[in-house]
Amino acid sequence: MKLPIIETERLILRPLEVSDAEHIFNTWASDPRVTKFMTYTTHKSADETKEWLENVVIQNTENKDHKRYEIGFQLKESGKLIGSGGAYYKPEFDRWSIGYNLAYDYWHQGYTSEAMKGLVDTLSEMGIKHFIADHAVDNPNSGKVMEKIGMKFDFMGSYTCFDGRVFEAKYYIMDLE
């Protein structure tokens with residue numbers, strides 16, 4: 001099933017587009033404060049962001065097995081895109097992993113929790129009920145987002161970034177049935 005456009009109190013959660021590349025690069029993908037704990041590395045050019053978005057658009061439009069969803073977080077008031085997130089199926093846990101990143105200027109204002117609650121609620125309506133998420137131990141604010149949307153700490157582990165960095169991580173789960 002295709003993910004619908006989702007509206008929350010302050011946000012519109014919508015598919016990302018290749019035309020968003022320059023804005024995403026300038027707003028968060030090139031900001032090391034935002035990318036510090038992400039699995040991807042800080043983007044060096046808008047072309048790198050464009051390449052990522054081309055893959056996202058293909059995944060969103062050719063998602064025949066419906067195992068991955070990516071969305072942008074757009075402010076209702078101004079129309080400005082301020083972050084992105086998504087969910088994908090992780091067979092090793094038989095759960096859907098959720099993740100997110102938000103432009104630095106919008107941290108600590110509840111946008112990420114609002115967006116992820118909207119996404120999880122919509123996925124639940126689509127029949128997806130079991131979720132997992134992780135965050136670097138050195139990034140406890142991400143854990144606060146997980147707790148705000150109803151996730152519970154489950155176990156300690158680690159994750160490896162595309163460039164080989166490894167972070168000790170806390171894993172959270174949520175079951176909605």
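What you see is a predicted model; the values in this text were computed from it and never measured.

Enquirer: Can you help me understand the overall build of the protein chain in this one?
Expert: Helices and strands together make up the secondary structure of the protein chain, namely five helices and eight strands. When its helices and strands are written in sequence order, the protein chain yields β-β-α-α-α-β-β-β-α-β-α-β-β. By the compact-globule yardstick of 16 Å for 177 residues, the protein chain fits well, its C-alpha radius of gyration being 15 Å. Principal axes of the C-alpha set define a box for the protein chain whose edges measure 40 × 35 × 30 Å. Here the protein chain holds 177 residues, and the buried ones make up 47% of them. For the protein chain, the exposed area adds up to about 9300 Å²; of that, 49% sits on carbon and sulfur atoms. In the protein chain, 21 side chains carry a positive charge and 28 a negative one; their mean positions are 3 Å apart.

Enquirer: Whenever I open this one, unusual backbone geometry confuses me. Can you help?
Expert: Leaving glycine out, the prevailing phi sign among residues is negative, and the prevailing peptide bond configuration is trans. Positive phi values are uncommon outside glycine, yet aspartate 94 reaches one of about 50°. With a phi close to 65°, histidine 108 is a non-glycine residue in the positive phi region. The residue histidine 108 is located in the loop between strand 5 (95-102) and helix 4 (111-125) in this model.

Enquirer: For this particular structure, what's the right way to read the packing of aromatic side chains?
Expert: Geometry of an aromatic ring pair is reported as the spacing of the ring centres plus the angle between the planes. The full count for this structure, using the stated rule, is ten aromatic pairs. A ring pair is formed by phenylalanine 93 and phenylalanine 155, whose centres lie 6.0 Å apart and whose planes are at 35°; its orientation type is tilted. Placement of the pair is phenylalanine 93 in the loop between strand 4 (81-90) and strand 5 and phenylalanine 155 in strand 7 (residues 152-160), with a sequence separation of 62 residues. Ring centres of phenylalanine 155 and tyrosine 171 lie 4.6 Å apart, and the angle between their planes is 10°; on these two criteria the pair is classed as stacked. Taken as a pair, phenylalanine 155 in strand 7 and tyrosine 171 in strand 8 (residues 166-175) lie far apart in primary sequence, 16 residues in all.

Enquirer: In this structure, what is going on with the pairing of strand 5? I would like to understand it.
Expert: A regular strand places its side chains so that they alternate between the two faces of the sheet. The buried fraction of strand 5 is high, at seven of eight residues. The pairing of strand 4 with strand 5 spans eight bridges and is antiparallel. When the bridges of strand 5 are listed, alanine 87 appears paired with isoleucine 98. Taking the residues between adjacent antiparallel strands as the criterion, strand 4 and strand 5 are bridged by four residues, where aspartate 94 takes a positive phi near 50°. In this sheet, strand 6 (residues 130-136) lies alongside strand 5 in parallel orientation, the contact comprising two bridges.

Enquirer: Explain the pattern of salt bridges to me, please; I cannot follow it from the model alone.
Expert: Note that side chains of opposite charge can pair when their charged atoms are close. Across all of its chains, the model carries nine salt bridges by this definition. Put simply, glutamate 7 and lysine 76 hold a salt bridge, and the shortest N to O gap is 3.3 Å. Taken together, the residues span a long stretch of sequence, with glutamate 7 in strand 1 (residues 6-7) and lysine 76 in the loop between strand 3 (68-75) and strand 4 at a distance of 69 residues. In this structure glutamate 7 comes out as exposed when scored by relative accessible area, which is 59%. Ionic pairing is found between arginine 95 and aspartate 175, a salt bridge with its closest N-O pair at 2.8 Å. With arginine 95 in strand 5 and aspartate 175 in strand 8, this residue pair connects regions lying 80 residues apart in the sequence. Owing to a relative accessible area of 14%, arginine 95 belongs among the buried residues under this scheme.

Enquirer: How should helix 4 be read in this particular structure?
Expert: One turn of an α-helix holds 3.6 residues; hence residues three or four places apart share an orientation. For helix 4, with 15 residues, the first-to-last C-alpha span of 21 Å sits near the 21 Å given by 1.5 Å per residue. For helix 4, the tally of buried residues reaches twelve of 15 residues, placing the bulk of the element in the interior. Of the residues making up helix 4, those classed as buried are Tyr111, Thr112, Ser113, Glu114, Ala115, Met116, Gly118, Leu119, Val120, Thr122, Leu123 and Ser124. Backbone geometry just after helix 4 places glycine 127 at a positive phi near 100°.

Enquirer: In this structure, what is going on with a negative patch on the surface? I would like to understand it.
Expert: A surface patch of negative charge is lined by Glu22, Asp47, Glu51 and Glu54. The greatest single-element share of the negative patch, amounting to three residues, is contributed by helix 3 (residues 46-61). Among the structural elements, aspartate 47 can be located in helix 3.

Analysis parameters
- Residues numbered from 1 in each chain as written.
- Predicted model: local features only at pLDDT ≥ 70, side-chain atom pairs only at ≥ 80, totals over all residues.
- Heavy atoms only, no water.
- Helix = DSSP H or I, 4+ residues; strand = E, 2+ residues; numbered from the N terminus.
- Rg over C-alpha atoms; globule rule 2.2 N^0.38 Å.
- Buried < 20%, exposed > 50% of the residue type's maximum accessible area, 1.4 Å probe, protein only.
- Areas by Shrake-Rupley, 256 points an atom, 1.4 Å probe, with all protein chains shown as cover.
- Lys, Arg positive; Asp, Glu negative; His and termini not counted.
- Charge placed at Lys NZ, Arg CZ, Asp CG, Glu CD.
- Phe/Tyr/Trp six-rings, centres within 6.5 Å; stacked < 30°, edge-to-face > 60°.
- Pairing = 2+ DSSP bridges.
- Salt bridge = Lys/Arg side-chain N within 4 Å of Asp/Glu carboxyl O.
- Expected span 1.5 Å × (residues − 1).
- Patch = residues over 30% accessible without salt bridge, like charges linked within 9 Å, V, L, I, M, F, W, Y side chains within 5 Å.

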